[in-house]
Amino acid sequence: MSSVEHPKLTKKDFKSDQDVRWCPGCGDYAILNSVQTAFADLGKKLHETVIISGIGCSSRFPYYMDTYGFHTIHGRAPALATGVKLSNPELDVWVVTGDGDAMSIGGNHFIHTMRRNVGLKILLFNNRIYGLTKGQFSPTSPQGKVTKSSPLGSVDYPFAPIALALGAGGTFVARAVDILGPHLQSMVKQADSHNGTSMIEIYQNCNIFNDGAFTGFTDKGARDERILYLEHQKPLLFGANKDKGIAFDAHFRPFIVEGDDLGKAYVWDETSDTPAPAMALATMDEEVFPVPIGVFRRQDKPNFEYAVKQQVETAVANNKQSIKDLIYAGEIWDVK
Amino acid sequence: MSSVEHPKLTKKDFKSDQDVRWCPGCGDYAILNSVQTAFADLGKKLHETVIISGIGCSSRFPYYMDTYGFHTIHGRAPALATGVKLSNPELDVWVVTGDGDAMSIGGNHFIHTMRRNVGLKILLFNNRIYGLTKGQFSPTSPQGKVTKSSPLGSVDYPFAPIALALGAGGTFVARAVDILGPHLQSMVKQADSHNGTSMIEIYQNCNIFNDGAFTGFTDKGARDERILYLEHQKPLLFGANKDKGIAFDAHFRPFIVEGDDLGKAYVWDETSDTPAPAMALATMDEEVFPVPIGVFRRQDKPNFEYAVKQQVETAVANNKQSIKDLIYAGEIWDVK
Amino acid sequence: MTGTDTTNGLTTSTLESGIQELDQVVIRFAGDSGDGMQLTGDQFTRTTALMGNDIATFPDFPAEIRAPAGTLPGVSAFQLRFSSFDIHTPGDAPDVLVAMNPAALKAHIGQLKKNGILLLNTASFKPLDLKKATYTVDPRTDGSLDGYRVIEIDLTARTREALTESDLDNRGKDRCKNMYALGILYWLFQREVEPTQKALALKFAKKPAIVEANLKAMAAGHAYAETVEIFQVSYTVAPAKMPAGTYRNIMGNQALCLGLVAASNQGNVPLFLGSYPITPASDVLHQLSGYKNHGVVTFQAEDEIAAVCAAIGASYTGRLGITSTSGPGVALKAEAIGLAIMAELPLIVLNIQRAGPSTGMPTKTQQADLLQAMYGRNGESPMVVIACSTAADAFEVGYEAVRIATKYMVPVMVLSDGYIANGSEPWKLPDVDALPKIEVNYAPEGKPDEKFKPYERNPETLARPWAKPGTKGLVHRIGGLEKQDITGNISYDPDNHQHMIDTRADKVARVANDLPPLVPIGEKSGDVLVLGWGSPRGAITAAVTRLQEQGHKISCAFLRHLNPLPNDLEALMRSFKKVVLPELNKGQLASMLRAKYLIDVKSYSQVNGQPFQSHAVEDYMRNVLQEVK
Amino acid sequence: MTGTDTTNGLTTSTLESGIQELDQVVIRFAGDSGDGMQLTGDQFTRTTALMGNDIATFPDFPAEIRAPAGTLPGVSAFQLRFSSFDIHTPGDAPDVLVAMNPAALKAHIGQLKKNGILLLNTASFKPLDLKKATYTVDPRTDGSLDGYRVIEIDLTARTREALTESDLDNRGKDRCKNMYALGILYWLFQREVEPTQKALALKFAKKPAIVEANLKAMAAGHAYAETVEIFQVSYTVAPAKMPAGTYRNIMGNQALCLGLVAASNQGNVPLFLGSYPITPASDVLHQLSGYKNHGVVTFQAEDEIAAVCAAIGASYTGRLGITSTSGPGVALKAEAIGLAIMAELPLIVLNIQRAGPSTGMPTKTQQADLLQAMYGRNGESPMVVIACSTAADAFEVGYEAVRIATKYMVPVMVLSDGYIANGSEPWKLPDVDALPKIEVNYAPEGKPDEKFKPYERNPETLARPWAKPGTKGLVHRIGGLEKQDITGNISYDPDNHQHMIDTRADKVARVANDLPPLVPIGEKSGDVLVLGWGSPRGAITAAVTRLQEQGHKISCAFLRHLNPLPNDLEALMRSFKKVVLPELNKGQLASMLRAKYLIDVKSYSQVNGQPFQSHAVEDYMRNVLQEVK
Ligand SMILES: Cc1ncc(C[n+]2csc(CCOP(=O)(O)OP(=O)(O)O)c2C)c(N)n1
Ligand SMILES: Cc1ncc(C[n+]2csc(CCOP(=O)(O)OP(=O)(O)O)c2C)c(N)n1
Ligand code: SF4
Ligand code: SF4
Ligand SMILES: [Mg+2]
Ligand SMILES: [Mg+2]
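What you are looking at is a predicted structure, and each value in this text was computed from that prediction instead of being measured.

A.B. asks: Explain the coordination of the magnesium ion (ligand 6) to me, please; I cannot follow it from the model alone.
C.D. replies: Six octahedral donors around a metal ideally subtend angles of 90 or 180 degrees, whereas four tetrahedral donors ideally subtend 109.5 degrees. Residues and elements named next belong to chain B. Coordination sphere of the magnesium ion (ligand 6), protein contribution only: D99 (OD), N127 (OD1) and I129 (O), at 2.0 to 2.2 Å. The motif formed by the donor residues of the magnesium ion (ligand 6), counted along the single chain, is D-x27-N-x1-I. What makes N127 buried here is its relative accessible area of 7%. Looking at I129, the relative accessible area reads 2%, which means it is buried.

A.B. asks: How do you make sense of the site of ligand 1 when you look at a structure like this?
C.D. replies: Lining the immediate surroundings of ligand 1 are 21 residues, of which C57, S58, D99 and D101 of chain A together with E304 of chain C lie closest. Those chains with residues close to ligand 1 are chains A, C and D. Contacts to ligand 1 include C57 of chain A, whose backbone N or O atom sits 2.7 Å from an oxygen atom. N127 of chain A has a polar side-chain atom sitting 2.9 Å from an oxygen atom of ligand 1. In isolation ligand 1 exposes 590 Å². Once the protein is present, 99% of that is buried. Residue composition of the shell around ligand 1, by class: 9 nonpolar, 8 polar and 4 charged.

A.B. asks: Explain the pairing of strand β2 (residues 68-71) of chain B here, please?
C.D. replies: The alternating pattern of β2 of chain B places Y68 and F70 of chain B on one face and G69 and H71 of chain B on the opposite face, and all of these are buried. Here 3 bridges tie β2 of chain B to strand β17 (residues 477-479) of chain C, and the two strands are oriented parallel to one another. Paired with G69 of chain B across the strands is R477 of chain C, a residue of β17 of chain C.

A.B. asks: I keep staring at the sheet that holds strand β20 (residues 561-563) of chain C and nothing clicks. Help me out?
C.D. replies: What holds strands together in a sheet is hydrogen bonding between their backbones, with the strands either parallel or antiparallel. Residues and elements named next belong to chain C. The strand order across the open sheet formed by 7 strands is β11-β10-β12-β13-β15-β14-β20, and the pairing between neighbours is mixed. Single-partner strands in this sheet number two, and they are β11 (297-300) and β20. The sheet shows a mean angle of 20° between the axes of neighbouring strands, direction not considered. Note: strand β13 (residues 347-353) against strand β15 (residues 411-417), 7 bridges, orientation parallel. Opposite V349, over in β15, you have M413 as the bridge partner. Sitting on the sheet, helix α9 (residues 252-267) is in contact with β10 (271-275), β12 (320-325), β13 and β15, with an inclination near 170° to β13.

A.B. asks: Looking at this model, I keep getting lost on the environment of W187 of chain C. Mind explaining?
C.D. replies: Residue and element names in this part refer to chain C. Mapped onto the elements of the fold, W187 is located in helix α6 (residues 177-188). For the pair formed by W187 and A310, sequence separation is 123 residues and the distance between their alpha carbons is 52 Å. When residues no more than four places from it in sequence are discounted, the contact partners of W187 are H222, A225, E226, F231, V233 and S234.

A.B. asks: Explanation requested: the interface of chain A and chain D in the structure shown.
C.D. replies: Interfaces are often sized by the accessible area lost when the parts come together. Every contact between the two is made by 56 residues of chain A and, on the other side, 69 residues of chain D. Both faces considered, chain A and chain D share a buried interface measuring about 5300 Å² in area, 65% of it formed by carbon and sulfur atoms. Inspection of the region where chain A meets chain D yields 4 salt bridges. Its salt-bridge partner being E302 of chain D, residue R116 of chain A comes within 2.9 Å of it at the nearest N-O pair. For the pair chain A and chain D, the interface holds 27 residue pairs in polar contact (both at pLDDT 80 or more). Going through the elements one at a time, β2 (68-71), α2 (77-87), α4 (107-116), α10 (304-318), α11 (323-327) and β12 (332-335) of chain A are the ones with two or more residues in the side of chain A that touches chain D. With 7 residues, the top contributor of residues to the side of chain A that touches chain D is α2 of chain A. Partitioned by chemical class, the residues of the side of chain A that touches chain D number 27 nonpolar, 20 polar and 9 charged. Pairing between β12 of chain A and strand β9 (residues 245-251) of chain D: 4 bridges, direction antiparallel. Each bridged residue has a counterpart across the sheet, and for D334 of chain A the counterpart in β9 of chain D is T246 of chain D.

A.B. asks: When you look at the site of ligand 2 in this model, what are you seeing that I'm missing?
C.D. replies: Neighbouring residues of ligand 2: 21 residues in total, closest C57, S58, D99 and D101 of chain B together with E304 of chain D. Take G131 of chain B: an N or O atom from its main chain is 2.9 Å from an oxygen atom of ligand 2. Burial of ligand 2 by the protein amounts to 99% of the accessible area it has alone, namely 590 Å². Taken together, the residues that form the shell around ligand 2 break down as 9 nonpolar, 8 polar and 4 charged.

A.B. asks: Would you explain the domain arrangement of chain C in this entry?
C.D. replies: Residues and elements named next belong to chain C. What the domain assignment lists for chain C is domain 1 (12-237), domain 2 (248-434) and domain 3 (526-628). One C-alpha centre belongs to domain 2, the other to domain 3, and the line joining them spans 26 Å. Contacts between the two partners involve 29 residues from domain 2 and, on the opposite side, 22 residues from domain 3. With both chains or domains summed, domain 2 and domain 3 bury close to 2100 Å², and 58% of this area falls on carbon and sulfur atoms. Area buried by domain 2 at its contact with domain 3 is led by Q367, L370 and S389, which between them contribute 29% of it. Put simply, E396 and R560 hold a salt bridge, and the shortest N to O gap is 3.0 Å. At the boundary of domain 2 and domain 3, one finds 16 residue pairs in polar contact (both at pLDDT 80 or more).

A.B. asks: Just checking my understanding: could you explain the coordination of the magnesium ion (ligand 5) for this structure?
C.D. replies: Residue and element names in this part refer to chain A. Every protein donor of the magnesium ion (ligand 5) is listed here as D99 (OD), N127 (OD1) and I129 (O), and their distances to the metal cover 2.0 to 2.2 Å. Donor residues for the magnesium ion (ligand 5), ordered by position in the chain, follow D-x27-N-x1-I. Taken together, the positions of D99 in helix α3 (residues 99-105) and N127 in the loop between β4 (121-126) and α5 (161-167) put the pair 28 residues apart, joining distant regions of the chain. Judged by relative accessible area, D99 falls into the buried class, the value being 2%.

Calculation notes
Residues numbered from 1 in each chain as written. Chains lettered and ligands numbered in written order. Predicted model: local features only at pLDDT ≥ 70, side-chain atom pairs only at ≥ 80, totals over all residues. Heavy atoms only, no water. Donors = N, O, S within 2.8 Å, 3.2 Å for Na, K, Ca; no water. Buried < 20%, exposed > 50% of the residue type's maximum accessible area, 1.4 Å probe, protein only. Near = heavy atom within 4 Å. Polar contact = N/O pair within 3.5 Å; in protein donor to acceptor, adjacent residues only side chain to side chain. Areas by Shrake-Rupley, 256 points an atom, 1.4 Å probe, with all protein chains shown as cover. Nonpolar A, V, L, I, M, F, W, Y, C, P; charged D, E, K, R; others polar. Helix = DSSP H or I, 4+ residues; strand = E, 2+ residues; numbered from the N terminus. Pairing = 2+ DSSP bridges. Axes fitted to C-alpha atoms, helices over the stretch in contact; angles between N-to-C directions. Contact = heavy atoms within 4.5 Å. Buried area = accessible area lost by both parts, 1.4 Å probe. Salt bridge = Lys/Arg side-chain N within 4 Å of Asp/Glu carboxyl O. Domains from an automatic or database assignment.

Structure (structure tokens):
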């Protein structure tokens, strides 16, 4: 195709003709907007892009994108998307899922996708609640959360999705926030350029059933002091004047450094050989420490669909056989 | 009951009357033996002990123990056992599972059990193969493994079960080896004394479909040099003369120390605040480093069944209500 | 005149100082999802129930996601019917339609009765509102509303006026406009306002400003209707002559939960619920989670499989394991239900059906999971299946499920549906002390030196003993592999397998021995027997009663027990020339009956996500009656 | 005389220099799991197939776990039957039983024909061996073997003797004793030894010592039988008069895979298998994993749900998604199959059935998952169901599944079972160039400014277009929610839902328009029609042919297509006084036929994990014939 035929698409081109049906004020709008912006910036083509989702408010996402889309069943998007990617590795396959969809019913497919390093880009909308079913606690809701199904407070400990992804062998693990558009767009772009599984946990406000779940650190006033931007090969600094930092002791326990000690702030390396530093950050107490966003881990490793494809292509090349050869094989005999 | 009625049981008392039906030479025999020994040592009672398994060679385990037992369906043992523990927290509930059962089909229940910290003791027999279905690769088989379902070698990357358990929030995570009986027994006892979920990954030789998977480090000759015994508050030393050690650099990358540097060996703390060190060990390259066995992590945290029970008991105490009160509630009216 | 189960508009009545007496009214509130129509309807329902009318409701909310304000997919409706006689359905066509915006008007005007009252909120008929509702012309101007008694009120302006002194901002004030509308209707139908006053005070206890504003708005609406004389008359509906007793208005999921808890209390068998949220079953989880003070343990699992497995684990331990879900969840639970059948443990699976297949239309109703309940598992895995037919009936069905599960040591599937779950009706509260006995026996401690036999059966019920772990002398192993009868040891013996296959089937079949006789409505023989199960009961009863009044030889009977079927069903069917079975599926029970009895049961099928309309059933049956003659 | 499909012992024959000619023989090899009985049987089968006999086999191995050596649960058996005429089953009772130990004897002696040959390995009749087999008295001494031609040989000693020069240790030598026994049987039945020599050389190519030892043992056994004259005569069975062509011996799972690959090649639609291992379906995964050189992509998923979802993803992408499993796996896949039905994508689900319910008896056969295939999903979710009836038939069924799935854009369930999967028979290889056409059309690139309509249907088949992501101008969204016909947009409209429910059913129904006429064996009318589906075909054919030879007015017909049923089925059924349906379940197809046609189909049910015995079927039908008269 000549490039004349395909001028670069704009954000608007990625909008489908369907009315967007999230509650007014829902964080999903901001995410949709950022994804459309990033896709346009990346020069993606509509017909090469496939968006696969499970079930949940977030999983309505594909309907609003004028690309190929499949709104599947609860929790199974990564499994279905794996079939898509294995069948046609050329396609650009995105998975949109929620904290219930990916972490609760879909937990198994989630961890196996991470393990295999299938080239899927997973956007996990974490609003720490079941939105679509009208407000039950999810596996990422904090302990004590009062919801319809936990009238006396939930007794479950929550998952740290980043830690789970790391434990499962995730090769690109990042976090972003719905309302921090440019950062989110940058995460989407980095996820796009990664060759294996990319997973972005996106904190998303559900203003109906869990309003303000993240305002403690996302509110304009709190942001500077409470968000830690992870930047590759830069020290872990935060605060309005970048006057505080995170360092690790000999046991890899984090602590906050200030003033003269600021130089001890750990220099972040998202490509580290070991997932231990990322794990240390992922399990930091949100109440005590700033909340890290950005890339926790990026590791280059051949992806699954490539290995599968190569095996098939090699087999075809090494052992060409007609269907007749295949059927008329082994011990055959003739009856006259 | 007076203690006269219940003399301490012996190992033999834990044997059921069923013939053990594993292949001669299977590592499962050694594990069965160690569990029976440990249970007897722990003074367990038959009728208070429940063993719940999924499906797999390993999952035949309950039939060979003269306790309560439930051989359930593939992958679901932790879920079923959670129901048992929530219903009667007094019972001593053990889960026996395989690498396919727990890591493949049962992965979701596995990670959620870890997350919730249900007081189950999980024995994961990891033979890195599907035994019962006659030899397909499992999620713990090494990449390249040739099996019936991967005639050209598996392209999957394996899970590190310990890392997965850590990522999911596991509070007692340990590893043992089938043929190292006393160590395995000690792990079983420590698992028993832990109050939340205990998980022991037990390397188990399947001599029919994956013979020698672990001999590289479990063989008498190799053991001393290749196994790293984790001991709480002791330095990470290995080698016949404990003349080598594992240290971590500033990025928590492990390296081997010897001679004068031996003092730099990391002092193991299984109760560390952060799972990062355990994660570093759990993801160490088996080919380059010794294989750690012992307790990777132990963290005291109230267990799930206790919290559930307390909530119910408090509700009963605070809000006693007869069934009549419950039914004749809200807006009622009389028709004469 | 005894009321017939249909409405005749607001015309027949006795006059008395401007108040006409009606025997029934159907009102539909329709508005945007954010307009509070469910709350409004609910308040009207409660008040009316307290005033002694019989009542039936049908909430019809939009798809799961909140659609953009003002659009058709965002319309939420609540229909209620109240009467001075016994009714069975929330009515077909409304006498009164409250339409809060053009979208609500567009979606519902088609069903309003000729000459019915149409209350419109003119504040939301601006051009953009009309466009959102895909109106090109204002329907108030094109004659399309001719033939209705249209009442136009700027509810927004009136409400703001009434609330000038309130501290709420305009958004907050506007939220009270539904109460203004409710005030109008309360005057129109002579309802008491106190119950709503009390209810709102309770609901917003922590926000007195909101309570005050809502009450003011309601009072203002009431006063407005009285003063401005927009209506020539007001109406009243005398209390229904309902059987004496204490009543409560109840929704299906609530009643089901109460039945379970009551039976648990009776049988002294503690409950355990393992569940995963899904529409329209989530309320069961919510409800039972609120009954912790009755010792109920609830567990929100990571998925449906874990939920049912945990319930099986609970049953294994001596609690009664329950799992609640809807069709897609039942699909996921199938393998584990098979395990419970094999392990011969009690288990209750609640399927609050919704419109399938696949995700389908989650907020719409259907009863198309019957064959899944019967056969949706590998191998011969027979299971008891029972169904509830109304909100109040759900109490008895929940109770019965516990009785069967514990008496026969079997899993029981309970079918309900979205219509029953969310609809409400007055429920005559049972005499708690007179509830049927439920006897649950756990196996006693074993004798030393005697091996426990986990599959030794009760000769009457074929139930095996319920042996709680923790009990001395009962250690034993069970599992999903075929097992030898009596000993429970694994067995691959062909004869034993055949015997166990037959025994599991026989155990389910024996449940029929307990069932009360079928009591048809009408004669025990005649031209047409209309059979029904589940939520169509109301529409069928209404239709058949009307046809009976018209002199037709038609009767109807309802099946609570679908597997096993009642022993006297065949004889009843054979006493009629024709058997017809209306179902909200493609004839699932009909095909079961045809296969079993070789009777040419005629299926009357509707699969559109809506309940049957009693008039449609009546017309259909009239045709059948004609054919039979 | 044309052979009848039953064996008469080793007695009828023509003499010729000590060689008697038989028209058929049934041999059963039985021994410990470690004794190599499957290998032995397999070698005899291959050799015999190559010699031109018709042949049928029935491997019967123990439960999944290897039991302790010498015990009853550890016995593994392999039965084979070969003949000079067309046969349909591996035979009921064996003429020859090889019992490698007391447990094998105990488990199988009951079926050996009177006067049959019993070959015993005396080396394993020591007291401990007897005890393990739960014999209290040595059966060779208590008269219980009277009436059989017992041949006692110390196979272990003889084999070791033959291998004195081998470098193998005793354990290795003892492993060759099955070849010693095979050598004896090869002499007894005049089989050629070369094919086995070649096969062993190939199998153990890397271990020449083992090849040599096995061949020596076989030669020694052969020589022993010839020299020692333990048998008075040897036997031969002439080649069967099979239709001309090229043959290959094949097992069901193999043939099924070949059918799928051949159709994929024909239709130029690449295959994708998503699977999770399970007995007895795992071989499909193994087999197709070996066909990577035919472009087949296989994916061993983390569980059955992921397996089917990946297959659906593949189909969405334009590959043909297949998923293979057994009953419990189908239960787990149910929800996702519903999605495929809703998305109207092709999908093939292979259910190699085993004995249920629950885990059941995984190595035993049954056909009790038919109603699960039909109804095991939430909502009205009709699905095409076809079944294979023999190993060779599986090729055609695999092929047909691809044809239907791609032509109608529907999921297809293929039912096979453990008996078909593991049994083998000679397969007349198809002319590859003459295979039926399969035309697969993907939607072409869209036109600019024309919105693609993903649910616009082919008027004949109602199939929607197969639009591959990556194709320009076809971007669209699908999912599990109900959708508007033609546009595919989400729709909650009642009329549309009813229409889509009807359309999905209609699409499945239209598959019947393609089906060839049913061709019964025997007359097209008469007293009794025996219908069959799946693996009982052989036993039914054998039984019915014998009854026909005896002059009875009985015919039989077999259904490959179970949903939809063939259009001409009803007329055929109505042409007989009685229809009987033997099934290895509790009458599942029978109930479907009764419900649909209101014909009093008689179910002949057996659910014991074993295939039907043709004699039992014959006796049963004889009774039915009597009743009909
Ligand atoms: C098999 C199945 N189980 C349950 C449901 C009901 N359900 C739909 S979405 C959902 C959870 C939604 O939570 P989340 O994934 O966090 O998405 P959100 O709505 O918060 O974006 C549930 C439980 C379903 N549709 N299917
Ligand atoms: C639902 C279901 N899927 C698949 C199977 C088949 N199956 C039984 S055990 C097993 C895996 C066994 O591997 P593992 O858990 O590692 O146990 P092992 O036999 O190695 O001890 C499989 C796939 C099954 N029984 N049920
Ligand atoms: S319920 Fe919450 S997550 Fe769902 S659309 Fe509304 S605000 Fe968003
Ligand atoms: S197959 Fe492997 S794991 Fe299973 S019993 Fe045999 S040796 Fe043990
Ligand atoms: Mg959520
Ligand atoms: Mg294993």
